[in-house]
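Reading the structure
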Amino acid sequence: NPLAHFARALTDWLVKPLSRVIPSRGRVEWSALLAALVVTVVIVAVKVAVSGLSIAWDLVLVESVRQLLNWALTLVIWVTLIYVVISWVNPLAPVAPALSMLLRPLLEPIQRILPPVGGFDLSPLVLLLAVYVLQMVVARV
């Protein structure tokens, strides 16, 4: 998929060296996850330094993990919303299979429990509600 190639080209400068040290296991590419955490730690540390506070690295790490989770949940929200809109407007759009592939692991468990109602798949709505609840939990941590 062209979007996957674009994302890969954009992040290879950091992920590729880490992938030599940290191998992928199962369905998780740990080097990409570590790269995202490193970038988030840098962003949070810069925010703390700019605000004039002293940097407590344990708090920076905790805030970085919280921020990374929040960004991931926000990404799930946006991908789900775009997927729903595209499925209504143009289900044969070139980006539709990529979005479907990204959301399939999250939507399939919901679809097993909640069958379509009147021909409408309500699993994206349930996913959005669950993600919003998770965002509230992460915000309180």
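Located above this text is the structure these notes cover.
Residues numbered from 1 in each chain as written. Predicted model: local features only at pLDDT ≥ 70, side-chain atom pairs only at ≥ 80, totals over all residues. Heavy atoms only, no water.

For the chain, the helix and strand inventory stands at five helices and zero strands. Each helix (α) and strand (β) of the chain, taken in turn from the N terminus, gives the series α-α-α-α-α. Taking 2.2 N^0.38 as the reference for a compact globule, 141 residues should give roughly 14 Å; the C-alpha atoms of the chain span a radius of gyration of 18 Å, well beyond that estimate. Counting contacts in the chain only where the partners sit at least 6 residues apart, residues at least 24 apart contribute 44% of the total. About 10,200 Å² of surface is accessible on the chain, with carbon and sulfur atoms providing 74% of the total. Averaging the locations of the 10 positively and 6 negatively charged side chains of the chain gives two centres separated by 3 Å. (Helix = DSSP H or I, 4+ residues; strand = E, 2+ residues; numbered from the N terminus. Rg over C-alpha atoms; globule rule 2.2 N^0.38 Å. Contact = heavy atoms within 4.5 Å. Areas by Shrake-Rupley, 256 points an atom, 1.4 Å probe, with all protein chains shown as cover. Lys, Arg positive; Asp, Glu negative; His and termini not counted. Charge placed at Lys NZ, Arg CZ, Asp CG, Glu CD.)

With respect to the secondary-structure elements, Ser 123 resides in helix H5 (residues 123–140). With residues up to four places along the chain from it excluded, the contact list for Ser 123 reads Leu 107, Ile 110, Gln 111 and Leu 114.

Counted according to the given criterion, the structure contains three salt bridges. Notably, a salt bridge pairs Asp 12 with Arg 8, separated by 3.6 Å at the nearest N-O pair. Note that Asp 12 and Arg 8 are positioned in helix H1 (residues 2–21) at a spacing of four residues, about one turn of the helix. Judged by relative accessible area, Arg 8 falls into the partly exposed class, the value being 45%. Between Glu 29 and Arg 8 there is a salt bridge, with the nearest N and O atoms lying 3.6 Å from each other. Of the two residues, Glu 29 is situated in the loop between H1 and helix H2 (30–50) and Arg 8 in helix H1; the sequence distance between them amounts to 21 residues. With a relative accessible area of 30%, Glu 29 lands in the partly exposed category. (Salt bridge = Lys/Arg side-chain N within 4 Å of Asp/Glu carboxyl O. Buried < 20%, exposed > 50% of the residue type's maximum accessible area, 1.4 Å probe, protein only.)

All right, on to H1 then. In this model, H1 (20 residues) spans 27 Å end to end at C-alpha, consistent with the 28 Å of a helix rising 1.5 Å per residue. Maximal helix bending in H1 amounts to about 75°, located at Asp 12. Of the residues making up H1, those classed as buried are Leu 14, Val 15 and Leu 18. Turning to H1, the residues buried within the fold contact H2. (Expected span 1.5 Å × (residues − 1). Bend = angle between axes of the 7 residues up to and from the residue.)

Let's shift gears to the environment of Arg 27. Its place among the elements puts Arg 27 in the loop between H1 and H2. The exposure class assigned to Arg 27 is exposed, which follows from its relative accessible area of 76%. Considered as a pair, Arg 27 and Ser 87 are 60 residues apart in the sequence and their alpha carbons are 26 Å apart.

The next subject is the packing of H1 against H2. Between H1 and H2, the shortest axis-to-axis distance is 8 Å and the interhelical angle comes to 125°. When the axis of H1 is compared with that of H2, the two are oblique. Of the two possible hands of crossing, H1 and H2 adopt the one that is right-handed. When H1 is examined against H2, the residues Leu 14, Val 15, Leu 18 and Ser 19 are found in contact with a partner set consisting of Ser 31, Ala 32, Leu 34, Ala 35 and Val 39. Among the residues forming the contact of H1 with H2, the class breakdown is seven nonpolar, two polar and no charged. (Axes fitted to C-alpha atoms, helices over the stretch in contact; angles between N-to-C directions. Parallel < 35°, antiparallel > 145°, perpendicular 65-115°, else oblique. Left-handed = near helix turned anticlockwise from the far one by under 90°. Nonpolar A, V, L, I, M, F, W, Y, C, P; charged D, E, K, R; others polar.)

Below, the discussion takes up H2. Given a rise of 1.5 Å per residue, 21 residues ought to cover 30 Å, and the 30 Å separating the end C-alpha atoms of H2 matches this to within 8%. Residues of H2 that are buried: Ser 31, Ala 35, Thr 40, Val 41, Val 44, Ala 45 and Val 48. Those residues of H2 that are buried lie in contact with H1 and helix H3 (57–89).

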